[in-house]
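Here is what each chain is made of, one letter per residue.
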Amino acid sequence: MPDLRLPIGRAIAARLIVILAVVLLAPGVAAADDPAIAAGAPALVKGFADEGVSLLEDRSVSAAVRAERFRGLLRRYFATEAIARWVLGRYWNQFDAAQRDEYYRLFEDLVVYGYAKRFGEYTGERLRIVRTVLDSNTQATVFSEIDRPTGGQPINVDWRVGGRADVYRIVDVVVENVSLSQTWRSDFSATIQQSGKPAALLDVLRARTAQLKAEIGAAN
Amino acid sequence: MPRSVRRLVGLVVAVSMAAAVAGCATPPDRSDAEAYAEFKALNDPLEPLNRTVFGFNQAIDAMFLRPFADFYRLLLPAPFREGVHNILANLRSPVILANDLLQGEIDRAGTTTGRFLINSTLGVGGLCDWATDFGLPRHSEDFGQTLAVWGAPEGPFLMLPLIGPSNPRDAVGLAVDSFILDPFGLMGTLDMAPEWMVTMQYVRYGATVVDERSQNVEELDDLQKSSLDFYAALRSLYRQYRTSEIWQGHPPAATEGPRFDDFPSLPAD
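In every chain, residue numbers begin from 1 and rise along the written sequence. Each chain is given a letter, starting from A, and each ligand a number, starting from 1, according to the order in which they appear as written. Two thresholds apply to this predicted model, a pLDDT of at least 70 for residue-level local features and 80 or more for giving and counting side-chain atom pairs, whereas whole-chain, interface and lining totals are computed over all residues. Side-chain measures here rest on the full set of heavy atoms in the structure, leaving out hydrogens and waters.

## Let's talk about the confidence of the model for chain A
Residues and elements named next belong to chain A.
No. 1: Averaged over every residue, the pLDDT of chain A is 83; residues scoring 70 or more account for 81%.
No. 2: When the criterion is pLDDT under 50, residues 1-8 qualifies, and its contacts beyond four places in sequence or with other chains add up to zero contacts.
No. 3: Known as pLDDT, the predictor's confidence for each residue is given on a scale from 0 to 100. By the convention used here, residues are in contact when the closest approach between their heavy atoms is within 4.5 Å. The low-confidence segment residues 22-32 (pLDDT under 50) makes three contacts with residues lying over four places distant or belonging to another chain.

## Section: the nonpolar core
No. 1: Nonpolar core, defined: a set of buried Ala, Val, Leu, Ile, Met, Phe, Trp, Tyr and Cys residues in which side-chain atoms within 4.5 Å join the residues together. Three labels apply to residues, based on accessible area from a 1.4 Å probe with only protein chains included: buried if under 20% of the type maximum, exposed if over 50%, partly exposed otherwise in between. Counting 50 residues, the largest nonpolar core has Phe78(A), Tyr103(A), Phe107(A), Trp159(A), Ile170(A) and Phe188(A) as the members making the most contacts within it.
No. 2: Among the elements that make up this core, the one with the highest residue count is helix α5 (residues 97-116) of chain A (nine residues).
No. 3: In this structure, Tyr103(A) is in contact with Ala84(A), Arg85(A), Val87(A), Leu88(A), Trp92(A), Phe95(A), Phe188(A), Leu201(A), Leu202(A) and Leu205(A), ignoring residues within four places of it in sequence.
No. 4: Counting residues in hydrophobic clusters, the runner-up holds 11 residues, among them Leu49(B), Phe157(B), Tyr231(B) and Ala233(B). Where helices and strands are cited, they refer to DSSP runs of H or I of at least four residues and of E of at least two residues respectively, numbered from the N terminus.

## A word on the pattern of salt bridges
No. 1: The salt bridge definition used is simple: a Lys or Arg side-chain nitrogen within 4 Å of an Asp or Glu carboxyl oxygen. Tallied over the full model, the rule gives 29 salt bridges over all chains.
No. 2: The partner of Arg128(A) in a salt bridge is Asp147(A), and the shortest N-O contact between them spans 2.8 Å. A residue pair is termed long-range when its members are at least 10 positions apart, and Arg128(A) in strand β1 (residues 127-136) and Asp147(A) in the loop between β2 (139-146) and β3 (155-164) qualify at 19 residues.
No. 3: Notably, a salt bridge pairs Asp229(B) with Arg51(B), separated by 2.9 Å at the nearest N-O pair. Linking Asp229(B) in the loop between α12 (217-226) and α13 (230-246) with Arg51(B) in helix α3 (residues 47-75), this pair joins segments that are 178 residues apart in sequence.
No. 4: With relative accessibility at 9%, the residue Asp229(B) sits in the buried group.

## Remarks on helix α5 (residues 93-102) of chain B
Residues and elements named next belong to chain B.
No. 1: Burial in α5 covers these residues: Ser 93, Val 95, Ile 96, Ala 98, Asn 99 and Asp 100.
No. 2: Residues of α5 that are buried sit in contact with α4 (78-91), α6 (106-121), α8 (143-149) and α9 (168-181).
No. 3: In the stretch just after α5, Gly 104 is the one whose phi turns positive, near 75°.

## Focus on the side chain of Asp211(B)
No. 1: Of note, Asp211(B) is situated in helix α11 (residues 195-215).
No. 2: Salt bridges are absent for the buried Asp211(B), whose nearest opposite-charge side chain, Arg138(B), sits at 7.8 Å. When charges are tallied, Lys and Arg are placed among the positive residues and Asp and Glu among the negative ones, while His and the ends of the chain are skipped.

## A look at the packing of helix α6 (residues 180-195) of chain A against α13(B)
No. 1: Under this scheme, a helix contributes an axis fitted over its contacting stretch, all axes are lines through C-alpha atoms, and angles between N-to-C directions fall in the 0 to 180 degree range. Direction vectors running N to C along α6(A) and α13(B) enclose 145°, while the axes themselves pass 8 Å from each other. Note that α6(A) runs across α13(B); the crossing there is right-handed. The segment α6(A) lies against α13(B), with Gln182(A), Thr183(A), Ser186(A), Asp187(A) and Ala190(A) engaging Ala232(B), Ala233(B), Arg235(B), Ser236(B) and Gln240(B).
No. 2: In this classification, Asp, Glu, Lys and Arg are treated as charged, Ala, Val, Leu, Ile, Met, Phe, Trp, Tyr, Cys and Pro as nonpolar, and every other residue, Gly included, as polar. The residue inventory of the contact of α6(A) with α13(B), partitioned by class, reads three nonpolar, five polar and two charged. Handedness of a helix crossing follows the sense of rotation of the near helix relative to the far helix, less than a right angle counterclockwise being left-handed and clockwise being right-handed.

## Re the packing of helix α4 (residues 80-88) of chain A against α5(A)
Residues and elements named next belong to chain A.
No. 1: Interhelical geometry of α4 versus α5 gives an angle of 105° and a closest axis separation of 10 Å. By the angle between their axes, α4 is roughly perpendicular relative to α5. Contacts between α4 and α5 pair Thr 80, Glu 81, Ile 83, Ala 84, Arg 85, Val 87 and Leu 88 from the former with Tyr 103, Tyr 104, Phe 107 and Glu 108 from the latter.
No. 2: Its residues placed into classes, the contact of α4 with α5 shows seven nonpolar, one polar and three charged. Note on angle classes: values under 35 degrees are labelled roughly parallel, values over 145 roughly antiparallel, values of 65 to 115 roughly perpendicular, and the remainder oblique.

Encoded structure:
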């Protein structure tokens, strides 16, 4: 008889352990899967939007100073190097260390001066975060909307955020389903193909960033 | 066949012949796998010709379209332009409805019908878009998208004279929308349109071109300034935009793009 009870008792005990394990560990498992980036990604985007708005609304400083402040924002919120590298695609391997360094610098300048030029057009738009979708444990998309100054349907802006632990960065901005990174990548690879050699991209970038920078300086 | 259709057919024939003569981009050698993959992904075997057409389009734009659009924006106040835009959009309702139905989108077909009824009456011939306030937001639809939903491949990228970025699927779609699905266009195709209607159609097409150009002034300026190769940027933008439209604004998430999780500078957890 005890031989019979023992297995039953064991089976029940085993079941209990399983149930306990599920109940007790479930939040832990969920947290390991879902965790930080689900809250971290929207917080990052909100942080960038808030700081961006105060930068845009502060008209007391010169355009050049605002451009450099924007560079600071960019470094804190965006994985600029990862973006620059992906944008270059297969030509990355054809650049030597010095070319890569210069490319990083020029890419950042292109973004900074290209956008800083348009800061004057800002008319008080605000960004609303709609929802966050986890693409993987290390990648999330934050969906947001920006109201148009003229009314009508808001502009959809999706932010792709990547990261681990508590370090997150924006890796792409998708405006009305058009990815900035994707567009740059096509643009850059066409520039290289038109000239026939990767190093020519650096010449074009050098000329363009110098021109943009001069225009911003002149706007003071 | 009415003159407009014959002209379009003539244009397509001329472009195809020019394509045959002007030649195609030389594909890279297959032994260079990366270069060959990139060539396939760009899907622009007619690039040299397309770039020539793009140059022509830009010249026409600089000479006529852009100045006209600028004048339009300068001389007429925003509410007036909004009204013109709404009327033109309302006129497109039958085309949108036909494509909603052809794609089996019954809900959207209902929205389009409701919008047309409300805006044509309360909205005074489409001048005001009240339907959006009634919870029937505007959406776009065209036969190029319908073909995509039906599974037709897009074909190679095409830069059409005067029309701009396209591909064979969208070019066919544009012709079907303009000459068959559009009631006024269909009457013209069947030579059933009275003289005044033909004239009004030309006015409508002209107004559509000016309206669209005037709506895109900043966007195109931005793209031109921010890109190194305007043609390539426009090509990429057009493809992404069409993909999004085909998926009704919710394209599948990109599987590739920059990532931040595989960078060694990050502290491991």
